[in-house]
Amino acid sequence: MPIETIFDTMEYGTAPEDRSVALQWIANHGGLIGPYVNGAFAPARDDLTIRNPATGEKLAGMTLCTKDEVTEAVQSARAAQPDWQKAGGAARARVLYALARLMQKHARLLAVMESLDNGKPIRESRDIDIPLAIRHFYHHAGHAQLMPSALSDRVALGVCGQIIPWNFPLLMLAWKIAPALAMGNTVVLKPAEYTPMTAMIFADICSQAGVPPGVVNIVTGDGSTGAALVDATVDKIAFTGSTSVGRQIQEATAGSGKSLTLELGGKSPYIVFDDADIDSAVEGLVDAIWFNQGQVCCAGSRLLIHEAIADDFHNRLKARMDKLRIGDPLDKSIDVGAIVDPIQLQQIQALVQANTAGQTYHAQTPVPEGCFYPPTLITGLHPADTLMQEEIFGPVLVSTTFRTPAEAVEIANNSKYGLAATLWTENINLALEIAPKLVAGVVWVNATNLFDAAAGFGGTRESGFGREGGWEGLQAYSKPRQPLPEPAQVTPFTGQGAAADDIDRTAKLFIGGKQARPDGGYSQAIFGPKGQLLGHAPIANRKDIRNAVQAQLACGWGKTTGHLRAQILYYLAENLAAQTNRFAERLDAMTGSTTGAEEVRAAVDILFTYAAWADKFEGRAKSVPMRAVALAMREPVGTIAALCSDQHPLLGLVTPMAAALCTGNSITLCASAPFPLAATDFSHILEASDVPAGVVNILTGPQADLAPHLGAHMGLDTVWCLSGAELTQEVQARASSNIKRVWQGAAQDDHDSWLDAGTEIKTIWIPYGE
Ligand code: NAI
Ligand code: MG
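The residue count restarts for each chain, going from 1 along the sequence in the order it is written. To label them, take the chains in the order written and letter them from A, then take the ligands in the order written and number them from 1. The predicted origin of the model limits local features to residues at a pLDDT of at least 70 and limits the giving and counting of side-chain atom pairs to 80 or more, whereas totals for whole chains, interfaces and linings rest on all residues. To obtain the side-chain values, all non-hydrogen atoms of the structure were included, while hydrogens and water were left out.

Caption draft 1: Focus on a negative patch on the surface. The patch calculation keeps residues exceeding 30% relative accessible area without a salt bridge and links them within 9 Å when they carry like charges or within 5 Å when they are nonpolar (Val, Leu, Ile, Met, Phe, Trp, Tyr). Using the Shrake-Rupley algorithm and a 1.4 Å probe, accessible areas are obtained, with residue cover drawn only from the displayed protein chains. Salt bridge, as used here: a side-chain nitrogen of Lys or Arg that lies within 4 Å of a carboxyl oxygen of Asp or Glu. In this tally, Lys and Arg are treated as positive and Asp and Glu as negative; His is ignored, and so are the chain termini. A charged residue contributes its charge at one atom only: NZ of Lys, CZ of Arg, CG of Asp or CD of Glu. Negative charge collects at one region of the surface, where Asp274, Asp275, Asp277, Glu426 and Glu770 lie side by side. By definition, any uninterrupted DSSP run of H or I lasting at least four residues is a helix, any uninterrupted run of E lasting at least two residues is a strand, and each is numbered from the N terminus. Mapping Asp275 onto the fold places it in the loop between β12 (269-272) and α11 (278-290). For the exposure calls, accessible area comes from a 1.4 Å probe over protein chains only, and a residue counts as buried if that area is under 20% of its type's maximum, exposed if over 50%, partly exposed in between. On the accessibility criterion, Asp275 (30% relative accessible area) is partly exposed.

Caption draft 2: Region of the structure containing the nonpolar core. Definition used in this section: a nonpolar core is a set of buried Ala, Val, Leu, Ile, Met, Phe, Trp, Tyr and Cys residues joined via side-chain atoms within 4.5 Å. With 116 residues, the main nonpolar core has Leu99, Phe137, Phe202, Val216, Val272, Phe313 and Leu317 as its most contacted residues. We call two residues in contact whenever any of their non-hydrogen atoms come within 4.5 Å of each other. Apart from residues no more than four positions distant in its own chain, Leu317 is found in contact with Val282, Leu285, Trp290, Leu303, Leu377 and Leu397. In terms of nonpolar packing, the next biggest core, distinct from the first, is built from 59 residues, Leu607, Ala614, Val637 and Ile640 among them.

Caption draft 3: Seen up close, a nonpolar patch on the surface. A contiguous nonpolar patch, built from Ile3, Phe7 and Met10 and spanning about 390 Å² of accessible area, is present on the exposed surface. Looking at the secondary structure, you find Phe7 in helix α1 (residues 3-9). With a relative accessible area of 63%, Phe7 lands in the exposed category.

Caption draft 4: Region of the structure containing the pattern of salt bridges. A full pass over the atoms with the stated rule returns 30 salt bridges. Several salt bridges share partner residues, and in doing so they unite Glu17, Arg108 and Lys332 into one network.

Caption draft 5: Geometry of the pairing of strand β10 (residues 236-240). By the criterion of burial, β10 is predominantly enclosed, with 5 of the 5 residues buried. A two-sided burial pattern is seen for β10, the buried positions comprising Lys236, Ala238 and Thr240 on one face and Ile237 and Phe239 on the other. Pairing of β10 with strand β11 (residues 259-263), which is carried by 5 bridges, proceeds in the parallel orientation. Within the sheet, the bridge partner assigned to Ala238 lies in β11 and is Thr261. Handedness of the crossover is the feature at issue here: the chain leaves β10, passes through helix α10 (residues 243-253), returns alongside β11, and the resulting connection is right-handed. Any two strands between which DSSP finds at least two bridges are classified as paired. Think of it like this: strands point away, you trace from the first strand over the helix to the second, and a clockwise trace means the crossover is right-handed.

Caption draft 6: Just the coordination of the magnesium ion (ligand 2), in detail. Each metal site is built from N, O and S donor atoms within 2.8 Å (3.2 Å for Na, K and Ca), and since water is not included, such sites may look incomplete. Each protein donor to the magnesium ion (ligand 2) is listed here as Arg51 (O), Asp117 (O), Asp117 (OD) and Tyr194 (O); together their distances run 2.3 to 2.5 Å. Counting along the primary sequence, the residues that act as donors to the magnesium ion (ligand 2) give the motif R-x65-D-x76-Y. Of this pair, Asp117 sits in helix α5 (residues 107-118) while Tyr194 sits in the loop between β8 (186-190) and α8 (197-209), and the two are 77 residues apart along the sequence. Across the pair, exposure class does not vary: Asp117 and Tyr194 are buried alike.

Caption draft 7: Focus on the environment of Met62. Within the fold, Met62 resides in strand β5 (residues 58-62). Taking the relative accessible area as the measure of exposure, Met62 reaches 0% and is therefore buried. Setting aside residues up to four positions removed in sequence, Met62 forms contacts with Ile33, Arg45, Asp46, Asp47, Leu48, Ile50, Glu193, Pro196, Thr220 and Gly221.

Below is the structure:
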């Protein structure tokens, strides 16, 4: 071809990467893969077929691990765990470092295998997936080294079951295994059924790196193998995948005592303001939605474009789409590769075909036969249209317009998800005003899809909970050294006297800043240890919970400054201290103890403590290896409900309240049912202390009746189950309604854990330089 023609057409030739190294690896393993348990590959079977989606050809046969095989892997992890933990952080650091070095050495094999198995362009597996996975092991070698000094109050969870998806097979493996190993856990990992190959190479690397047998186990199989792992005797399940399976796992682990982290789907907004650098924003969008064929949980799949520039932007975007090269993933000049499996392709086709709204544009670029889908743009959608709400998980971008920044935020947050968000503007003031308002775990400013091992990644709402990466990611693989004792169960005292005949003499609930009669109109008599009638406490029901949560959602406490929150907590402390005698007498009368005054003093002290923390529980600026700052901002989790413990009727009420308020949350407190009168008295302290309406609500009555409604409530972000395992199970069994966080509390003086439970980390990425 003459040179002028090349300049005219800007056509590339093909530049195929040699695949023989990966095929040779498969041949060396007899064309079959299977579980890696206790440091060795077990004999493999040809139960399932692993394919190259770009050609449909069989790559290998795979063992579908049975329940017994999963049990065996878990036993091997269990047996290896104590020694791995005892080996110490420095010894574990050496092993993680060796893994990173060996992965680097085998980087080409890993990249080629990843593209063969998943269909992603080799350019991406070579330059993004594999280097980021390696970086994760280097970074966590450091965390292992520093654990004894920097995290001396935390210990490993034990055995972690880890289930990963097919979109970033090796990278997700790294995100799961590196922090788990660093903190002294052992693991059983299940790769996705479409893409197990690089996990098998990783298993090989573990043997070479001197990972002790049993520390890393890999079980191959499908959802049934995953479900068996969820049911096995593991201490934690870490899952990345679809929201529907995440929901099933949350239900399956309810009441099991297993820790859980979920990284689920998303429908992340990509907001372009009218002052944005449009060509950069178009280029960013290529990365946001056509990277990995759009099969990315944090894909910028919802374009929100300022009305004034919408037509221009869409035209430039279409022109860019037409230039995307779609084809053989092993070709180094390809932009868009194959969809992972024909089933996924059908799902994308079905979603797009079912849509009748807006205008659909397919890129005018040749699309090969087989498992490929053209880059697609659907413009003119309304925020409520199905494709604006549902995850497509393919190379399909949907678009709508906005007029003002406030409207952009409103549309962006109009989603059940909250994983990531991108915004483009040349105005730094606008960017920094909008970023905190977006409901998302990650926000990219004038960039997209930036990731690093030092920066946390994870979502809110139905995108799941827990962070991966950085210091915050270590929380998910460690626990406080001091185990939390199971709260003692208290039987209420009985005595003479019926329920209140005159409801007006009964203490009231406290909802929305006001004393409120219970919706059901019922109350219960409260007796002292000698059977004397002390008073009546209202019995709250589902509607009282509804009213309380509504008040929480309207209270605006999350927008207040730490300084103001401190002032109000100090004021509460002052007012409670002034009533020490009254509260002490009430406590002693209810419980029959003589430690009431001590408990009031402890409650005052905890108010002072969290008042002190209110303007000091800070985020971080992450040290990421690029010209960018990644700000780890602490944001309130939102609306909390707490089932308070019976052990200290006042302290058990004030501690969760103070911790929640300190970190910017509102809270509905379900007081101790046997000892509710300190709580009803406390509402007068709240009234006297300038606590805005709805920030704190107090309900009384049997917690067992309230727990299921708290678990199921769609407006609550989290429930703190501080009164024992039985009610925790009640809440957890229903928490999957909105993928709610459920937390069981921490020791009274473990302030860090309480503060962490009240906050969520949002990572805001801001690249710099011209
Ligand atoms: P999936 O959620 O079914 O699969 C993810 C992993 O979970 C795989 O390893 C699978 O074997 C395992 N699994 C499946 N059922 C299980 C169960 N009952 N218990 C335990 N483990 C189980 O995702 P799938 O079917 O591959 O893709 C379906 C849709 O999910 C996609 O179209 C996409 O919308 C979404 N998805 C989201 C991902 C994300 O990163 N957020 C990743 C993969 C899929
Ligand atoms: Mg495959």
